[in-house]
Amino acid sequence: MSQETSPSEPEAQETAVETARRQLERAAAHLDVDPGVVERLKHPTKVHQVSIPLKRDNGETEIYTGYRAQHDSVRGPFKGGLRYHPEVSADECIGLSMWMTWKCAVMDLPFGGGKGGIVVNPKELSSDEKERLTRRFAQELRDFVGPMKDIPAPDMGTDPQTMAWFMDAYSMQQGETIPGVVTGKPPVIGGSYGREEAPGHSVAIVAREAIDYYDWEIEDTTVAVQGFGSVGANAARSLDEWGAKVVAVSDVNGAIYDPTGLDTRDVEGHDERPGMVSGYDAPQKLGNEELLELDVDILIPAAVGNVLTAENANDVQARMVVEGANGPTTTAADVIFEGNDVPVIPDILANAGGVTVSYFEWLQDINRRQWSLDRVNKELETQMLKAWNAVRREYEARDVTWRDAAYLVALSRVAEAHDARGLWP
Ligand SMILES: NC(=O)C1=CN([C@@H]2O[C@H](COP(=O)(O)OP(=O)(O)OC[C@H]3O[C@@H](n4cnc5c(N)ncnc54)[C@H](OP(=O)(O)O)[C@@H]3O)[C@@H](O)[C@H]2O)C=CC1
Ligand SMILES: O=C(O)CCC(=O)C(=O)O
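From a predicted model like this one, the values you see are computed outputs, not experimental measurements.

## Structural notes on the site of ligand 2
Reasoning step 1: In the neighbourhood of ligand 2, 13 residues make up the surrounding shell, with G81, A153, G354, V355 and S358 lying closest.
Reasoning step 2: Among the elements of the structure, β3 (78-85) and α11 (353-367) are those that each provide at least two residues to the shell around ligand 2.

In structure tokens, the structure reads:
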């Protein structure tokens, strides 16, 4: 299997788009796909860049940059989150939009991939400022989004409230209420029950299936989770509820560690009280780097990208990595994990519960009929198991990594759709 990066070479900082392209090339080498199609899929269809003026509470005006990358729409409208973070860039949005294409395809959802965001630290804005920023962003993106065009959702630094503002601003511009323009809204305005918990819950479902696949016992499984936000907290809490021992969790300031197991319901998450994870009274405090190297069965990186690299992959003692974040593992780290027989269950499968429940929300909006939480969770479980089994079959049949197996499922579906539509080359 050819690789561009070997573990012995020092690793240059890899951008999300570079990682995504390398992963695509690697998967394409296993399939009989038109090279023209693969080449096309290394590039986004469009990337929109907008300037967003914001009048701060002190009366000064600042200009922020926002992006929306639209990767591929052969299977349906572009779909993917909006991230508010100081490190958002066009390249990052493109890479993340590529991952959304594969994520939607691996789940067999009728969507393509999109991703966007604003270069901003949301912690430095008041709630009123965030609202004004979001409304103006929606106005700038108005021509490019819509329920049948491109449907944003929450990601890092955004939440159901952000989606409510976005939906309201868009609806006011269009002159009618259009709930389906975004997903991840509060249920009272057309959001789906269970969407907030879904990406973390799907990480837990996939971890549970992997535990079973390797004949481990969930009660004997120890888990460390980096990031205790929407994804990390919900993954930790579901696994905790099912009997696994969650020994460490972290926020941006650091980690807490209890080898006897944390009560994950007692630790307040990012949305409940930002910054309170590292302030929790636990037996030991660790740095985020130390958390990644703990001697646990499962490591779940669920914060930012590129945290598992050539520099630390050999120090990772976990027996398995389940990716909660998008793109937490660099190409070089992937090679090291493969060499060390550490299975890495990829983001495009593990955290795909978020976009899956977004799809349920989109259906609910179209039909103007809300599903119960019980129905959402049952259908999510069914979809996750279907996707897990499709990926497992490729993994077993082809002797590839879990990431390659997920890509093979996704790329075959996207390539078949391109063939069927006859778009190019
Ligand atoms: N939200 C969603 O629907 C989905 C999100 N994802 C991905 O999951 C990841 C997390 O997203 P989400 O949970 O929504 O984000 P949130 O903003 O809800 O939470 C992020 C968490 O990560 C912590 N964090 C931020 N930076 C760092 C850092 N440098 N080191 C360690 N911890 C850090 C934050 O700490 P603090 O609280 O102190 O800020 C917070 O606990 C992202 O990669 C995102 O793309 C994937 C699928 C769906
Ligand atoms: O729910 C969605 O549309 C996408 C969520 C997201 O951005 C992701 O899965 O990375």
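Next comes the rest of the description.
## Overview of the domain arrangement of the protein
Reasoning step 1: Looking at the assigned domains, one finds that the protein contains domain 1 (44-179) and domain 2 (198-349).
Reasoning step 2: Inter-centroid distance (C-alpha atoms) of domain 1 to domain 2 is 27 Å.
Reasoning step 3: Each partner contributes residues to the interface: domain 1 has eight residues there, and domain 2 has seven residues.
Reasoning step 4: A total of six residues in the side of domain 1 that touches domain 2 trace back to one element, the largest contributor, which is helix α3 (residues 90-106).
Reasoning step 5: Split into classes, the residues belonging to the side of domain 1 that touches domain 2 amount to five nonpolar, one polar and two charged.

## Side note on the site of ligand 1
Reasoning step 1: Surveying the vicinity of ligand 1 reveals 29 residues, the closest of which are G227, G229, D251, A325 and G354.
Reasoning step 2: Contributions of two or more residues to the shell around ligand 1 are made by α7 (230-241) and β7 (245-251).
Reasoning step 3: Sorting elements by how many residues they give to the shell around ligand 1 places α7 first, with three residues.
Reasoning step 4: Considered class by class, the residues forming the shell around ligand 1 number 11 nonpolar, 16 polar and two charged.
Reasoning step 5: Taken domain by domain, the makeup of the shell around ligand 1 includes at least three residues from each of domain 1 (44-179) and domain 2 (198-349).

## Some thoughts on the sheet that holds strand β12 (residues 344-345)
To summarise the sheet geometry, strands pair through backbone hydrogen bonds and adopt either a parallel or an antiparallel arrangement.
Reasoning step 1: Taken in spatial order, the seven strands line up as β9-β8-β7-β6-β10-β11-β12 in an open sheet, and their pairing is mixed. The open sheet has two free edges, formed respectively by β9 (284-286) and β12, since each of these has just one partner strand.
Reasoning step 2: In terms of strand pairing, strand β8 (residues 254-257) meets β9 through three bridges, oriented antiparallel. Looking across to β9, one finds that I256 is bridged to K285.

## With respect to the sheet that holds strand β4 (residues 112-119)
Reasoning step 1: An order of β1-β2-β4-β3-β5 is seen for the five strands of this open sheet, with the pairing classed as mixed. Strands with a single pairing partner mark the edges of an open sheet, and in this sheet they are β1 (46-55) and β5 (150-154). Mean inter-strand twist for the sheet, computed between neighbouring axes without regard to direction, equals 25°.
Reasoning step 2: In terms of strand pairing, strand β2 (residues 61-72) meets β4 through six bridges, oriented antiparallel. Looking across to β4, one finds that R68 is bridged to G116.

## Considering the pairing of strand β6 (residues 222-226)
Strand residues, when the strand is regular, have side chains that alternate between the two faces of the sheet.
Reasoning step 1: Across the five residues that make up β6, a large majority, four, are buried.
Reasoning step 2: Two elements, β6 and β7, share four bridges in a ladder whose sense is parallel. Following the sheet pairing, V223 is matched in β7 by V246.
Reasoning step 3: Each parallel crossover has a hand, and for β6 linked through α7 to β7 it is right-handed.
Reasoning step 4: For β6 and strand β10 (residues 298-301), the ladder comprises four bridges, and the chain directions are parallel. Bridge assignment links V225 to a residue of β10, and that residue is I300.

## Examining helix α12 (residues 373-398)
Reasoning step 1: For α12, which comprises 26 residues, the first-to-last C-alpha distance of 37 Å matches the rise-based estimate of 38 Å (1.5 Å per residue) to within 8%.
Reasoning step 2: Restricting attention to buried positions, one finds in α12 the residues V376, L380, Q383, M384, A387, W388, A390, V391 and Y395.
Reasoning step 3: Looking one or two residues beyond α12, the residue adopting positive phi is D399, at roughly 55°.

## Things to note about the environment of A169
Reasoning step 1: Inspection of the secondary structure puts A169 in helix α5 (residues 160-174).
Reasoning step 2: Contact partners of A169, with chain neighbours within four places excluded, come to R135, A138 and Q139.

## Notes on the packing of helix α6 (residues 198-213) against α11
Reasoning step 1: Where α6 contacts α11, the axes come no closer than 6 Å and their chain directions differ by 125°. Judged on the interaxial angle alone, α11 and α6 are oblique. Judged by the twist between their axes, the crossing of α6 over α11 is right-handed. Residues A198, P199, H201 and S202 of α6 form the contact with α11, whose participating residues are G353, G354, T356 and V357.
Reasoning step 2: Looking at side-chain class alone, the contact of α6 with α11 contains three nonpolar, five polar and no charged residues.

Thresholds applied
Residues numbered from 1 in each chain as written. Chains lettered and ligands numbered in written order. Predicted model: local features only at pLDDT ≥ 70, side-chain atom pairs only at ≥ 80, totals over all residues. Near = placed C-beta within 6 Å. Helix = DSSP H or I, 4+ residues; strand = E, 2+ residues; numbered from the N terminus. Domains from an automatic or database assignment. Contact = placed C-beta atoms within 7 Å. Nonpolar A, V, L, I, M, F, W, Y, C, P; charged D, E, K, R; others polar. Pairing = 2+ DSSP bridges. Axes fitted to C-alpha atoms, helices over the stretch in contact; angles between N-to-C directions. Buried ≥ 20, exposed ≤ 12 C-beta atoms within 10 Å, placed from the backbone. Right-handed = clockwise from strand over helix to strand, strands pointing away. Expected span 1.5 Å × (residues − 1). Parallel < 35°, antiparallel > 145°, perpendicular 65-115°, else oblique. Left-handed = near helix turned anticlockwise from the far one by under 90°.

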